[in-house]
Structures are given as structure tokens and as C-alpha cells.
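Residues per chain are reported as follows:
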Amino acid sequence: MKQRFQVGPIAETLPPFLEKKKYSQPFILTDENTGRFCLPFLLEEVPALNEAHVITVYAGEKNKTLAAAEYVWKQLTEKNADRKAVLLNLGGGLVGDLGGFAASTYKRGIEFIHLPTSLLAQVDASIGGKQGIDFLHYKNQIGVFRLPAAVFTDQRFLQTLPEEQLLSGFAEVIKHALLAGGKLWKKTSAVSDLKEVDWENTIRQSMEVKLSVVEADPEEKNLRKILNFGHTLGHAMESFLLGKGEDPLHGHCVAAGMMGELFLSRIVCGLPEDEMQSAARFIAGMFPALNWGENDFESILQWMKQDKKNENGKIRFVLLEKIGQSVMDREADEGQIDEALRFILSAYAHPKKKSS
Ligand SMILES: NC(=O)c1ccc[n+]([C@@H]2O[C@H](COP(=O)([O-])OP(=O)(O)OC[C@H]3O[C@@H](n4cnc5c(N)ncnc54)[C@H](O)[C@@H]3O)[C@@H](O)[C@H]2O)c1
Ligand SMILES: [Zn+2]
């Protein structure tokens, strides 16, 4: 099934859809921040939503819980939401995943619409139909595959998004561009200042890369794995830093992960040296270095070994034969991963200078 999405001014895209659908009752889910920064804008743009009941949850990943889902179900029940009600998820990936899950399970499923407000949610989390919550400290442990009725993305929501969150989401934009190659990579790798990005087109093109992959493999049986590029190393660093009590941004870890996996791509499957160097130095020039060093290689490796993609002591990666040409299930051994971690440190030390 095709996922419906529109990018552009929400005053033009959302009202005709709502009118056509004739939902019995609209509900809006926000977190504290999107309730404060994005809801007034939404209500101004789409006045018909002033009658909606607003449900607000706490912000932050630690609130992507069963308790939060229960709270949403309770609100829907108390306000007599019937099966023709709709839940509009106004927020980043937390609100989208949680709201999508709560709606998919309430009365065996009511429709929901994603209104993504973070860059990460606009180009990534809102696409592909994965809805869920964290459970017993495992991320996305409980959830369903279910598509939103539609996704409406308005880049003006990004105006209030904290700069570091914008940069974090940009890592997924870079990932999609590396997977797609061609003009998209050329345009993305020419960015030197996020303030100058043409967000409307960037978001549309980036989400289309994810869309084309998930439409070919909706339930992650095979091809969809390529979206893990940068994430095997990235998740290990993220878990390592979380374990040290830090609160790293996902995209900053994925950025470092992509640098390491670009290096592995060169030594394992022949990514040309110049492509590897220019991509890695571009990423190093955009993102802050993470707080780990040579002494932490072993711990990061341990986190990676817990990854379910391992077989016989080797770790499997999605790698690039060329920019725009990915391959799955390529193995690297510990020595090669060690070299990749060393490469990440050296790339941060010698980033490509920003042109501005
Ligand atoms: N379903 C999927 O396929 C998929 C894919 C990738 C990530 N995810 C999930 O997405 C989540 C991460 O998403 P995220 O990075 O958007 O996190 P998030 O939803 O926690 O948002 C990050 C922060 O930005 C704030 N915020 C969002 N939009 C804002 C705006 N316009 N103005 C001001 N503040 C704003 C939020 O309140 C929050 O504090 C994770 O839970 C991850 O598992 C899901
Ligand atoms: Zn990611």
C-alpha cells in the first residue's frame, strides 16, 4: 500500500483531507514542547482544529512508554472517541511513534495522521508505518506496522526546533543522500550552513528515498535493512555514551557511525578512496566530535557484539560499494572495526573546512 504524504503549507494540505474524511472527532497529541511551540501555529493555520481535544504527554524518549500509551487511551475513552475518531500526532518521533501505536490499538485501530515537527520525524520516523513504544529499557520493543492515514509536513515547524535537534535530523538526510547518490548527494554534500538549506525540497527528496525503500519492503524482510547504514557503529556509540550517563543525540552518533562505515566500505567492498575521504570530511565538518577515545574501542565493540546481526564473531554492516550503491550483510572483523574507530577520530581532527 502506498503511503500518503504531502509537503507544503499545512493550511493548504490538511483541511481538504479532513473535510473529505469526515472524521467524527479530531484529537491532537503533542508533547510539552510541541504543545507550546507548534500547536498555536497549527490552530492558526487550520482553525477547524480548534474544536479538537488536545492530549499532551511529557517530552523526551524516556516517556515513550506503556504508561504514556495508557494515558492516551484513557483520554480517548473519557472523551468518547469512537472508531471514526482521528488522532493527529503533532511532534517529533516520540509523539509519532507513541500516537501511532496508541491509535492503532485503540478499539482495534482508529486512523491517525502524522504532523511531524522535527527534521528527524519529517524525513524518517513519519515514513514507513512503524509505530511503537519502548519497554523494559528496550527501544521500540512493543509495536505494530500500520500506516498513518496521511503525513502532512510543513517545514515551518522547524523554525522553533532547537539547532542541535535540526543537526541531529540532518544526519538522516545525509544517510538518505549517501544511499541515493547522484544529484541528491551532490546537493546535500554542498551544504555548509543549515540556515541556508531549501528545506521544502530537501525534506521531500529525503523522505522519498526512505519511501522508495519501505514501499519495496514494508515489513523489513530484506531491503529495508539498508536504512541501517551508519547505525551499527552509531548505535554502539550511542549505547556506550548512554551507559556513561551522557545524553547523546541520535543523529550525532549516526554521523560518526557513517564515517566509520564509509571507512569499512572502502576496505571491505571497494568504495573509492576519494569518495570515502570527501564524504567523511564533510560529515566531520558538520557534526561535533563525540566524547570517546582510543581507550573506549573495546567497550564500543562489546556493544556492537550484542547486536543481533552478528555471526561467528564477525559483525555485519550495510556498506557502500559506491556512493549511491549499497550492499547488505557485509562482514567486518574486530581489527577492521578498530581501524574504522581510529579513522573516525582522525576525521574529526581534520574535517573539511566549511566554505562560509
Ligand atoms: N517509526 C520509525 O520508523 C522511526 C524512525 C526513526 C526514529 N524513530 C523514533 O523517533 C524518536 C526520535 O525522534 P525525534 O528526534 O523527533 O525526537 P523527539 O520527538 O523526542 O523530539 C526531539 C525534541 O524536539 C522537540 N521538538 C520537536 N519538534 C519541535 C519543534 N518544531 N519545535 C520545538 N521543539 C520541538 C521535542 O519536544 C523533543 O524535546 C525515537 O523515539 C526513535 O525511536 C522512529
Ligand atoms: Zn536513525
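Please refer to the structure higher up on the page.
Because the structure is a prediction, the values reported are computed rather than measured. (Residues numbered from 1 in each chain as written. Chains lettered and ligands numbered in written order. Predicted model: local features only at pLDDT ≥ 70, side-chain atom pairs only at ≥ 80, totals over all residues. Heavy atoms only, no water.)

A. Spatial organisation of the overall build of the protein. Along its length, the protein carries 14 helices and 10 strands. Computed over the C-alpha atoms, the radius of gyration of the protein is 20 Å, within 12% of the 21 Å expected from 2.2 N^0.38 for a compact globule of 356 residues. Projected onto its principal axes, the C-alpha coordinates of the protein cover approximately 60 × 45 × 35 Å. When burial is assessed residue by residue, the protein has 52% of its 356 residues classed as buried. Restricting the contact set of the protein to residue pairs at least 6 apart, pairs at least 24 apart contribute 77%. Accessible surface, the protein as shown: approximately 16,200 Å² in total, 50% of it carbon and sulfur. (Helix = DSSP H or I, 4+ residues; strand = E, 2+ residues; numbered from the N terminus. Rg over C-alpha atoms; globule rule 2.2 N^0.38 Å. Buried < 20%, exposed > 50% of the residue type's maximum accessible area, 1.4 Å probe, protein only. Contact = heavy atoms within 4.5 Å. Areas by Shrake-Rupley, 256 points an atom, 1.4 Å probe, with all protein chains shown as cover.)

B. Up close: the sheet that holds strand β5 (residues 111-116). Spatially, six strands are ordered β1-β8-β5-β4-β2-β3 in an open sheet, and the strand pairing comes out parallel. One side of each edge strand has no neighbouring strand; the edge strands of this open sheet are β1 (5-7) and β3 (53-57). Adjacent strand axes in the sheet meet at a mean angle of 20°, parallel and antiparallel pairs treated alike. When strand β2 (residues 26-31) meets strand β4 (residues 86-91), the two strands line up parallel, connected through four bridges. Paired with P26 across the strands is V86, a residue of β4. Helix α4 (residues 66-78) rests against β2, β3 and β4 of the sheet, and its axis sits at about 165° to β3. Its contacts with the sheet put helix α9 (residues 199-216) on β1 and β8 (150-153), and the angle it makes with β1 is roughly 160°. (Pairing = 2+ DSSP bridges. Axes fitted to C-alpha atoms, helices over the stretch in contact; angles between N-to-C directions.)

C. Here's a closer look at the side chain of T13. With respect to the secondary-structure elements, T13 resides in helix α1 (residues 10-21). Among residues more than four places away in sequence, those in contact with T13 are Q6, G8 and F152.

D. Layout of helix α7 (residues 163-180). With 18 residues, α7 ought to run about 26 Å at 1.5 Å a step, and its terminal C-alpha atoms sit 26 Å apart, in line with that. Most of α7 is tucked away, with 14 of its 18 residues classed as buried. With its phi angle positive at about 70°, G181 sits one or two positions after the end of α7. (Expected span 1.5 Å × (residues − 1).)

E. Just the packing of α4 against helix α5 (residues 93-105), in detail. As a packed pair, α4 and α5 sit with axes 9 Å apart at the nearest point and diverge in direction by 55°. Classified by the angle their axes make, α4 and α5 are oblique. Crossing of α4 against α5: the hand is right-handed. Of the residues in α5, those in contact with A68, A69, V72 and W73 of α4 are L98, F101, A102 and T105. Here the residues of the contact of α4 with α5 are counted per class, giving seven nonpolar, one polar and no charged. (Parallel < 35°, antiparallel > 145°, perpendicular 65-115°, else oblique. Left-handed = near helix turned anticlockwise from the far one by under 90°. Nonpolar A, V, L, I, M, F, W, Y, C, P; charged D, E, K, R; others polar.)

F. Structural view of the nonpolar core. In this structure, L119, F170, L178 and L262 are the most contacted members of the largest nonpolar core, which totals 75 residues. Residues I10, Y23, I113 and A150 belong to the second largest nonpolar core, which totals 22 residues. (Core = buried A, V, L, I, M, F, W, Y, C linked by side-chain atoms within 4.5 Å.)

G. Structural detail: the site of ligand 1. In the vicinity of ligand 1 there are 26 residues, among which D31, E61, T117, S118 and T160 approach most closely. In this structure, D31 approaches ligand 1 through a side-chain N or O atom, which is 2.7 Å from an oxygen atom. Relative to its unbound accessible area of 860 Å², ligand 1 is 87% covered by the protein chains. Counting residues per element, the ones that place at least two in the shell around ligand 1 are α2 (32-37), α5, α6 (119-125) and β7 (138-145). Residues belonging to the shell around ligand 1 are distributed by class as follows: nine nonpolar, nine polar and eight charged. (Near = heavy atom within 4 Å. Polar contact = N/O pair within 3.5 Å; in protein donor to acceptor, adjacent residues only side chain to side chain.)

H. Quick look at a positive patch on the surface. Together, R83, K107, R108 and R146 make up a region of like positive charge exposed at the surface. In this fold, R108 is placed in the loop between α5 and β5. In this structure R108 comes out as exposed when scored by relative accessible area, which is 75%. (Patch = residues over 30% accessible without salt bridge, like charges linked within 9 Å, V, L, I, M, F, W, Y side chains within 5 Å. Salt bridge = Lys/Arg side-chain N within 4 Å of Asp/Glu carboxyl O. Lys, Arg positive; Asp, Glu negative; His and termini not counted. Charge placed at Lys NZ, Arg CZ, Asp CG, Glu CD.)

I. Representation of the pattern of salt bridges within the structure. Inspection of the entire model under this criterion finds 22 salt bridges. Across the pair K175 and E172 runs a salt bridge, and its minimum N-O distance is 3.2 Å. Of this pair, K175 and E172 both sit in helix α7, three residues apart, which is roughly one turn of the helix. As far as the burial class goes, K175 and E172 line up, both buried. Note that R266 and E273 form a salt bridge whose closest N and O atoms lie 2.8 Å from each other. Under the relative-accessibility criterion, R266 is labelled partly exposed at 28%. Taken together, the shared-partner salt bridges in this structure form one network comprising E61, K64, D97, D134 and K139.

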